[in-house]
Structures are given as structure tokens and as C-alpha cells.
Amino acid sequence: MRPVIILCLVVIVVVCSRVQRVPSQTPAQTKRIVPEQKRVVIAAGTVLDGKGHVMRNTRIVIEGSKIVAIDPKATPVDYDLRGLTVMPGWIDAHVHITWSFGKDGKNAGSGGTTQEAAYSAASNAWVTLMGGFTTVQSVGSPNDVPLRDAIAKGALPGPRILTAVEPLVGRGEQTGTPDDIRAYVRKQKEAGADLIKIFAAFSIRRSDMVLSQEQLNAACDEAKKQGLRTLVHAYKDAVRAATLAGCTEIEHGTLATDDDLKLMAEKGTYLDPQAGLVMENYLLNKEKFLGTPGFPEEAFSMTAKIIPMYHEFMKHAVKTPGLKIVFGSDALAGAHGRNAEEFIDRVRDGGMDPMMAMISANSLGAEAMGMADKIGSITPGLQADIIALDGDPLKDITAVRRVVFVMKGGVVYKNTARRAIAVYGSVAP
Ligand SMILES: [Zn+2]
């Protein structure tokens, strides 16, 4: 045994002496990998600026993580994206980034703590980024927090994540007093929440309010005091109640009246209605959801029936003057990476103008998150979140399926046109 121990000690000494030499090399290595130094020029034939304008034959200059200039004469060109449609990376206001299918192929929800669940969450983030989404709001799971932080550190590829951590789920009086609710909101902030998610009414089938006006007032007021926005999952009467409570954004919203929508427009409350992906995904992956909590057989026939109601509601929302409609796909297991399908549903079935659809996931989406000074448009000073589509979504909305270039914060993650990254078999689109 003794020679082995001695050998081990020798190895440790050698390793330690090597480790000790590393610090003197660190500054030079750090300097090489910090992207701030590098200037990158993208040449583009068509640029949607994210605010509704189209720029032609120009160049976008990036230094470090930010866009620094729009200059048609900038050289040398690093990425020639002429022939494609260039625009800001998309923002999805409503995803469940850690929600996955489990080892057995069945719906496993968003709270899994196994190694498989962790890898699935990382994969969800990767495919979402590859699908052109550079920022997502996850609403929410405590598991979002380490994933958000790992991506922010650059340790994993994925979209910028904002999370609600744990939502406030209304249970009528049992939810607690206004003071209890205020304490719950503060607890989420302490747990790292970027926003507060609130369930005020569950679904079209169960549309009764599960929080009173007073409880909603407390939740949204406390969040505001803590500097946080509020996203309220609401149907029917809960839409008006959440609007009156001064909450930031309504999710889903179906069964709200035209008057409710008008009130939202007047008060500047954002609306995030869905036109199809989330429900199509339940039907597409029926076997994986069936029998898991919340998914009995009858839920699926109901889902098929209510899709037209969502289309109709979207049409009413689109026609409401001044109503700020943001993009949220509600992507969960089976839909990650396919978030852009929701654009197609909105334009094809919801009567939304394609340019409005793009703005809803760019400058308007950023505004709704309070991040308009950081993301959402191709403007000097903003983060270099830039994507390119093979096709023109203003003429053919299915072009959103063909994201061929993705840059986030000045780093290129996908460039299939130049084959810098292969087209991964399982990565849509
Ligand atoms: Zn959701």
C-alpha cells in the first residue's frame, strides 16, 4: 500500500504546483475571452427594427454585448445576412421553461428535481434560444432560478430568463387576508422573483374568480411597492377586476367583454391572449398528458372545442383601439422551441397584422417587461439580440419557423446559413 500512498502524494504535489502557477496566466486568458473588445458588423438587406419600421440595405455594428451603430458603410462585414429578414430576438412573455416530460415520457410538470428534470430544463432553454427567443418570462417554478442564473453567467446557452418563482394561486378566502397576500408577494421577491404571477380565475370551464377584488388589490399593490410587475391568469370577470386592481398584464383573458378590453386599453394594462399553440400542443401530445394531474380524458375534447373561442377572443382584442397585446405562447412540455407557432396562429386564425405580431414580441414585449431600454429593438445602446429568418414574415408568417441566425448579447449561438452550428436534428425549427 505504501508505494501507492507515496505516488498519490507525488501526484498531489505536482497537481498543486501546477494549480499554483495558474493565477499568473489568468489575466491574459480572461482578456482573450471577454467579448467587449470585439467589433462585429452584420450586413442586412431587410431589417425589421422591432418598432414597426423596415430598414433596407444597411449594417448593424455591435461591440461587446451591445448594438453601437446602424451604418450602411461599416466594414469589414463579419456576418452577411442579406437575403434574410433580420430583426430583434423575440421575447416570450409567458413560458414554463422547466416544464418537461419525464423519463417515462409522461407530463412531469415543472417541479422535477431529478437529474433528468435538470437536463430537460437546460434543453428547453437551448431549443427556445434556437427557435429565436432571446428573452422569456417563466411563470413560474422555483426551478427557474438556478437555470436563469446559469444562463445569465454564460454557463449554459439559453434565453435571458425572468421568473415568477412560485405563483400566488387564488383559493378564495383561504388564500388569506390582504396582509397575508402582501407577505406572500414579499416572500417571492426574497426567493428571487423578477415578477409576480397570480391566478385569479382558472379556465374557461372554471371561470369564477378565486381572488376577491380586495385580495387582488393587495397583491398588485404590494408587488408595485416592491418594484415588481404582476401577471394575472384571468378569465371573464377576473379580467376587469385585475385591471381595476392596477395589475400589469392579463394572461389568457378569454370571456372578457369588449368593455373589459376597452378598460384595459384605457388603463394601459397589457393583454397576453393565446391563439392556439398551447392547446394544439395538448392535443398533439395527448398520450403524454393524459391521466397526469389536471389532464383527464374529458379535458381533451373540451380543449378542441374551446380553440375557436380563443380565436374569436383574439379577434376582439386585435380590434380594440389602443389595447397593448404582447406575445406569450404559454410554452410548456412539448412546445419548447416551437414558441413561434403562436405567431402563425395569431396571424392566420386571430386576425393579427403580421407586423403587429412581430412588434408584440419585440419593442412592445420589452416595454411590458420594463426593459425597453435594454431589449426589443435594433437601436444603438440596446443589447445585441438579433435573429434572422429565411423568408419574410410580413408576406408569409410561416417564415417564423425558419430561424437561421441567433445572436444574444453579441454572442452568435446559431448561424445555419454559414454552417457555424449544424442544424440539430431535434432542434426546431
Ligand atoms: Zn401558463
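Cut-offs and rules
Residues numbered from 1 in each chain as written. Predicted model: local features only at pLDDT ≥ 70, side-chain atom pairs only at ≥ 80, totals over all residues. Heavy atoms only, no water. Helix = DSSP H or I, 4+ residues; strand = E, 2+ residues; numbered from the N terminus. Buried < 20%, exposed > 50% of the residue type's maximum accessible area, 1.4 Å probe, protein only. Contact = heavy atoms within 4.5 Å. Areas by Shrake-Rupley, 256 points an atom, 1.4 Å probe, with all protein chains shown as cover. Disulfide = S-S within 2.5 Å. pLDDT = per-residue confidence, 0-100. Donors = N, O, S within 2.8 Å, 3.2 Å for Na, K, Ca; no water. Phe/Tyr/Trp six-rings, centres within 6.5 Å; stacked < 30°, edge-to-face > 60°. Pairing = 2+ DSSP bridges. Axes fitted to C-alpha atoms, helices over the stretch in contact; angles between N-to-C directions. Polar contact = N/O pair within 3.5 Å; in protein donor to acceptor, adjacent residues only side chain to side chain. Core = buried A, V, L, I, M, F, W, Y, C linked by side-chain atoms within 4.5 Å. Salt bridge = Lys/Arg side-chain N within 4 Å of Asp/Glu carboxyl O.

Visitor: Would you take a moment to explain the overall build of the protein for this structure?
Guide: Looking only at helices and strands, the protein has 13 helices and 16 strands in total. The 429 residues of the protein split such that 53% are buried. In the protein, once contacts between residues fewer than 6 apart in sequence are set aside, the share between residues at least 24 apart is 69%. Taken as a whole, the protein presents about 19400 Å² of accessible surface, with 56% of it coming from carbon and sulfur.

Visitor: Even after reading the chapter, I still don't get the state of the cysteines, so can you show me in this structure?
Guide: Note: disulfide means a covalent bond formed between the sulfur atoms of two cysteine side chains. Taken as a whole and judged by the stated rule, the model has one disulfide. Through a disulfide, C220 is tied to C247; the S-S separation comes to 2.0 Å. Where C220 bonds to C247 through sulfur, the torsion about that S-S bond is close to 95 degrees, and the disulfide is right-handed. In this pair, C220 sits in helix α5 (residues 213-225) while C247 sits in the loop between α6 (237-244) and β12 (249-252), placing the two residues 27 residues apart along the sequence.

Visitor: Is there a simple way to explain the confidence of the model for the protein in this structure?
Guide: Low pLDDT marks regions whose predicted coordinates should not be analysed in detail. Looking at the protein as a whole, the pLDDT averages 90, with 88% of positions reaching at least 70. A low-confidence stretch, residues 1-32 (pLDDT under 50), is modelled with zero contacts involving residues beyond four sequence positions or located in other chains. Under a pLDDT of 50 for its full length, residues 419-429 has, in the predicted model, 23 contacts with residues more than four places off or in other chains.

Visitor: Mind showing me how you'd approach the coordination of the zinc ion here?
Guide: Ideal coordination angles are 109.5 degrees for a metal with four donors arranged tetrahedrally and 90 or 180 degrees for a metal with six donors arranged octahedrally. Coordination of the zinc ion by the protein comes from H94 (NE2), H96 (NE2) and D330 (OD), over a distance range of 2.0 to 2.2 Å. Within one chain, the residues serving as donors to the zinc ion are arranged as H-x1-H-x233-D. Across the pair, exposure class does not vary: H94 and H96 are buried alike.

Visitor: Please explain the packing of aromatic side chains as it appears in this structure.
Guide: In this description, a pair of aromatic rings is defined by centroid distance and the angle of the planes. Throughout the structure, instances matching the rule amount to 12 aromatic pairs. Seen in terms of ring centroids, Y282 and F289 are 5.1 Å apart; in terms of plane orientation they differ by 85 degrees. Their pairing is edge-to-face. Accessibility classification places Y282 together with F289 in one group, the buried group. Plain terms: the ring middles of F289 and F295 are 4.9 Å apart, the flat faces sit at 45 degrees to each other, and that makes the pair tilted. For the pair F289 and F295, one class covers both residues: buried. In this structure an aromatic cluster arises from ring pairing among F101, Y282, F289, F295 and F300.

Visitor: Even after reading the chapter, I still don't get the sheet that holds strand β6 (residues 90-95), so can you show me in this structure?
Guide: To summarise the sheet geometry, strands pair through backbone hydrogen bonds and adopt either a parallel or an antiparallel arrangement. Ordered in space as β6-β7-β8, the three strands form an open sheet in which the pairing is parallel. The sheet terminates laterally at β6 and β8 (160-163), the two strands that pair on one side only. On average, each strand axis in the sheet is inclined to that of its neighbour by 15 degrees, with strand direction left out of account. One ladder, built from four bridges, connects strand β7 (residues 133-138) with β8; its direction is parallel. When the sheet's bridge partners are listed, S138 is paired in β8 with T163. Against the sheet, helix α3 (residues 144-152) contacts β7 and β8, and its axis sits at roughly 150 degrees relative to β8.

Visitor: I tried to follow the environment of G172 on my own but got confused; where do I start?
Guide: Structurally, G172 can be placed in the loop between β9 (168-169) and α4 (178-190). On the basis of relative accessible area, G172 is assigned to the partly exposed category, the value being 26%.

Visitor: Just to check I follow, could you spell out the pairing of strand β16 (residues 411-415) for this structure?
Guide: Looking along a regular strand, one sees side chains alternate from face to face of the sheet. Summarising the sheet, strand β15 (residues 403-408) and β16 pair through four bridges and their orientation is antiparallel. Within β16, the residue paired with M407 across the bridge is V412. If you look at the hairpin formed by β15 and β16, you'll find two residues sitting between the two strands, and G409 has a positive phi there, around 55 degrees.

Visitor: How should the side chain of N285 be read in this particular structure?
Guide: One can find N285 in the loop between α8 (277-284) and α9 (286-289). Within the structure, the side chain of N285 is placed 2.8 Å from the side chain of N281, a separation counted as a polar contact. With residues up to four places along the chain from it excluded, the contact list for N285 reads F101 and G334.

Visitor: Quick question: what am I supposed to make of the nonpolar core here?
Guide: Inside soluble globular proteins, nonpolar side chains tend to come together where they are buried. In terms of nonpolar packing, the biggest core is built from 92 residues, with W90, L216 and F343 touching the most fellow members. With eight residues, helix α10 (residues 297-318) is the largest single contributor of residues to this core. In terms of nonpolar packing, the next biggest core, distinct from the first, is built from 17 residues, I42, L81, L84 and F405 among them.

Visitor: Please clarify how unusual backbone geometry should be interpreted in this entry.
Guide: What you tend to see is this: most non-glycine residues have negative phi, and most peptide bonds are trans. Residue P76 is reached from T75 by a cis peptide bond, and omega for that bond is -10 degrees. Positionally, P76 belongs in the loop between β3 (66-70) and β4 (79-80). Even without glycine at this site, V165 takes up a positive phi of about 55 degrees. Here V165 lies in the loop between β8 and β9.

Visitor: Quick question: what am I supposed to make of the environment of M55 here?
Guide: Here M55 shows up in strand β2 (residues 54-63). For M55, a relative accessible area of 22% puts it in the partly exposed group. In this structure the C-alpha to C-alpha distance between M55 and I70, which are 15 residues apart in sequence, comes to 9.8 Å. Aside from chain neighbours lying at most four places away, what touches M55 is G45, T46, V47, D49, I70 and I378.

Visitor: Is there a simple way to think about the pattern of salt bridges in this case?
Guide: Scanning the model with the defined rule gives 21 salt bridges in all. Measuring nitrogen to oxygen at the nearest pair gives 2.9 Å for the salt bridge that ties R148 to D149. A relative accessible area of 32% places D149 in the partly exposed class. Note that R346 is salt-bridged to D272, the shortest N-O span being 3.2 Å. Residue R346 is located in helix α11 (residues 341-350), and its partner D272 is located in strand β13 (residues 270-272); the two are separated by 74 residues in the primary sequence.

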